[in-house]
Amino acid sequence: MIEVEDVYFRYPNGVEALKGVSLTIKNGEFVAIMGQNGAGKTTLVKHFNGLLKPTKGRVLVDEAETTKVSVATLARKVGFVFQNPDHQLFCETAEEEIAFALKNFGFKETIIKRRVQWALNLLGLTQYKKISPFMLSGGERKRVALASVLAWNPKILILDEPTIGQDYQQKEKLRQFILQMKTQRKTVIIVTHDVEFVAECNPRVVLMREGKIVADGEAKEILTNEEVLTQASIVPPQIAQIFMQMPSLQLPKNIIDVYEAREILLKMLRSDAK
Amino acid sequence: MPVIETKNLTYTYPGGTKPSISDVSIKIKKGEFALITGPSGCGKTTLCRCFNGLIPHFYQGELKGEIKVTGLNILENPIYEMAKHVGLVFQNPENQLFALSVEKDVAFGLENLGVPREEIRKRVNWTLNLTGIYDLRERAPHELSGGQQQRVAIASILAMQPEVMVLDEPTSFLDPLSAKKIFKVIYELNKKLGITVVLVEHRLDLTARYADHIIVMDDGKVVLDGEPREILSSEEARLIGIGIPKATRLYHILKKDGVKLSNTVPLSSDEMANLLKEALKVHD
């Protein structure tokens, strides 16, 4: 469980990135943190593995205050995939990159081999295992970074913009994987601007603006609330936009899924034909 | 006459075991807004690097086939010559920014083109305002957030007003509203100044509406090439796994259910809403 209690954070250059954030994330939850550029999303999640410590307030990960445990200890529990894969990749081959953390955590050679293979396979990277991550495309590098964290099976997974550079099939695989993590009671926290991806996953959405949380709830409630979305610089998913443009039909407001939209529209269109 | 034309273009990176793009033959017309999409790793970025000569002049490797951009043969023209005609916004803004202030980064291209000082000042201010980073002009690019860096990268190319603008996932770090605004700016420059735009994107929900032409790549090859409404309706596009806009998906699902909707395939939520209003006879 992650507990954030009235956290303030100021960067050394004076920018106050968090201004009183309180939030509880339970085990097994899937949370999407959204909001405009500079809202403090990445700053907030960097508190979850102790990379940043609050200027005021406190953050507890499984009841341990992040100021009292080392980042190295927290890392075993909290996996973090950066927004820009180039900030975390450095090994000569994709395989070594994925094995690196496992070696540091002291896993046995046989287990390392198995975990690396599993992660390469999961993210469709097996063919690149002997290739330098820097020879790969942007989307592929992002997946190497993801694989290197998934490999050690952290209890809490933080993904900063995981869908960047990913095509639809890769996103679908990621979605399936996150759902699987959820059934294993693992916590997944994503920071994302990808509204359509969030609409397909329907997680809990935490919306941020100027260092504060402005809304917190189910995706289909938040992503159809035009007022808070505009505040947070988010565009509603296309399905919600279509429904918003036909106010006189008094359609249900909280629809973001294509197939739900289809059911409702078919009923309307058929009763119209009669 | 096409502004970009390739014939059987095939390229292998140094040390690569197989070509990253193979047998690519495309034509992009002057003033077009062309969208290149396809699965991750399919060769989109590699193709972009050919358009301004980074391939083969910088990346080396083996390039076969023909490629002409703005009438110039890439093989015979160095990068500095191509840079006068083609601007490339990199996928990773950090690979492109280097100056100590945003303003200097944006001015750099213009200085190299030998644009007069007053004109540089005018264009830098114009483009900083257009991309919403005027207030950041004194800041160091490497201290900015990913989204802000992308704005700087776009601004530095816009400032040069090149004949061809190639943008490789230029807004991936930006929030949706900012991304939408940037795409609108690019679209307006495309229409007003006739700049040819080549955009690499996965997020077709944000961009399909602006495109005149879509090229779909898969495994280094061009597999679909044509008019957006046609391409996004094709079964192949769905099977390759490109992100069909949800408005377009909903249209096709309802059509399959036998709903009577006009035959113009929608590419945006506005277009889809209008079709539904027509079918339901509502006037909102």
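Refer to the structure above for everything that follows.
This one's a predicted model, so the numbers in the text were calculated from it and none came from an experiment.

**Side note on the environment of Tyr210 of chain B**
Residues and elements named next belong to chain B.
Now for step 1: Inspection of the secondary structure puts Tyr210 in the loop between helix 8 (204-207) and strand 10 (213-218).
Now for step 2: Since its relative accessible area comes to 9%, Tyr210 is described here as buried.
Now for step 3: In this structure the C-alpha to C-alpha distance between Tyr210 and Ile186, which are 24 residues apart in sequence, comes to 9.5 Å.
Now for step 4: Those residues within four positions of Tyr210 in sequence are excluded, and the remaining contacts are Phe33, Lys180, Phe183, Lys184 and Tyr187.

**Quick look at the pattern of salt bridges**
Pairing of side chains with opposite charge becomes possible as their charged atoms draw close.
Residues and elements named next belong to chain A.
Now for step 1: All chains considered together, the criterion is met by 22 salt bridges over all chains.
Now for step 2: The closest approach of N and O atoms between Asp216 and Arg204, which form a salt bridge, is 2.8 Å. Within this pair, whereas Asp216 is found in strand 10 (residues 212-218), its partner Arg204 is found in strand 9 (residues 204-209), the two being separated by 12 residues in sequence.
Now for step 3: One salt bridge in this structure joins Arg209 and Glu210, with 3.6 Å as the shortest N-O distance.
Now for step 4: Residue classification places Glu210 among the partly exposed positions, given a relative accessible area of 47%.
Now for step 5: Beyond isolated ion pairs, a larger network of salt bridges with shared partners links Glu5, Arg58, Glu65 and Lys68.

**Comments concerning the sheet that holds strand 4 (residues 33-37) of chain B**
Residue and element names in this part refer to chain B.
Now for step 1: One open sheet accounts for six strands, arranged 7-8-9-4-10-11; its pairing is mixed. Looking at the sheet topology across the chains shown, the edges are occupied by strand 7 (86-89) and strand 11 (221-226). Neighbour to neighbour, the strand axes of the sheet diverge by 15 degrees on average, direction disregarded.
Now for step 2: Pairing of strand 4 with strand 10, which is carried by four bridges, proceeds in the parallel orientation.

**As for the packing of aromatic side chains**
All names here are of chain A.
Now for step 1: Counted by the stated rule, this structure contains 12 aromatic pairs over all chains.
Now for step 2: Between Phe90 and Phe100 the ring centres are 4.8 Å apart and the planes differ by 90 degrees, which places this aromatic pair in the edge-to-face class. Of this pair, Phe90 sits in the loop between strand 6 (78-81) and helix 3 (94-104) while Phe100 is found in helix 3, placing the two residues 10 residues apart along the sequence.
Now for step 3: Overall, the relative accessible area of 38% leaves Phe100 in the partly exposed class.

**A word on the sheet that holds strand 2 (residues 16-25) of chain A**
Residue and element names in this part refer to chain A.
Now for step 1: One open sheet accounts for four strands, arranged 2-1-4-5; its pairing is antiparallel. Strands at the two margins of the open sheet, each flanked by one partner only, are strand 2 and strand 5 (64-65).
Now for step 2: Here seven bridges tie strand 1 (residues 2-10) to strand 2, and the two strands are oriented antiparallel to one another. Across the sheet, the residue bridging to Arg10 is Glu16, located in strand 2.

**Some remarks on the interface of chain A and chain B**
Now for step 1: With 46 residues of chain A at the contact, the number on the chain B side is 49 residues.
Now for step 2: Summing both partners gives a buried area of about 4,100 Å² for chain A against chain B, and 57% of it is carried by carbon and sulfur.
Now for step 3: Asp257 of chain B is the salt-bridge partner of Arg262 of chain A, the closest N and O atoms lying 2.6 Å from each other.
Now for step 4: Put simply, the parts of the chain that give the side of chain A that touches chain B at least two residues each are helix 5 (138-150), helix 6 (168-183), helix 7 (195-201), helix 10 (238-244) and helix 11 (258-273) of chain A.
Now for step 5: It is helix 11 of chain A that provides the largest number of residues to the side of chain A that touches chain B, a total of 10 residues.
Now for step 6: Among the residues forming the side of chain A that touches chain B, the class breakdown is 18 nonpolar, 19 polar and nine charged.

So, how was this worked out
Residues numbered from 1 in each chain as written. Chains lettered and ligands numbered in written order. Predicted model: local features only at pLDDT ≥ 70, side-chain atom pairs only at ≥ 80, totals over all residues. Heavy atoms only, no water. Helix = DSSP H or I, 4+ residues; strand = E, 2+ residues; numbered from the N terminus. Buried < 20%, exposed > 50% of the residue type's maximum accessible area, 1.4 Å probe, protein only. Contact = heavy atoms within 4.5 Å. Salt bridge = Lys/Arg side-chain N within 4 Å of Asp/Glu carboxyl O. Pairing = 2+ DSSP bridges. Axes fitted to C-alpha atoms, helices over the stretch in contact; angles between N-to-C directions. Phe/Tyr/Trp six-rings, centres within 6.5 Å; stacked < 30°, edge-to-face > 60°. Buried area = accessible area lost by both parts, 1.4 Å probe. Nonpolar A, V, L, I, M, F, W, Y, C, P; charged D, E, K, R; others polar.

Bear in mind that shape data such as this cannot, by itself, settle questions of function.
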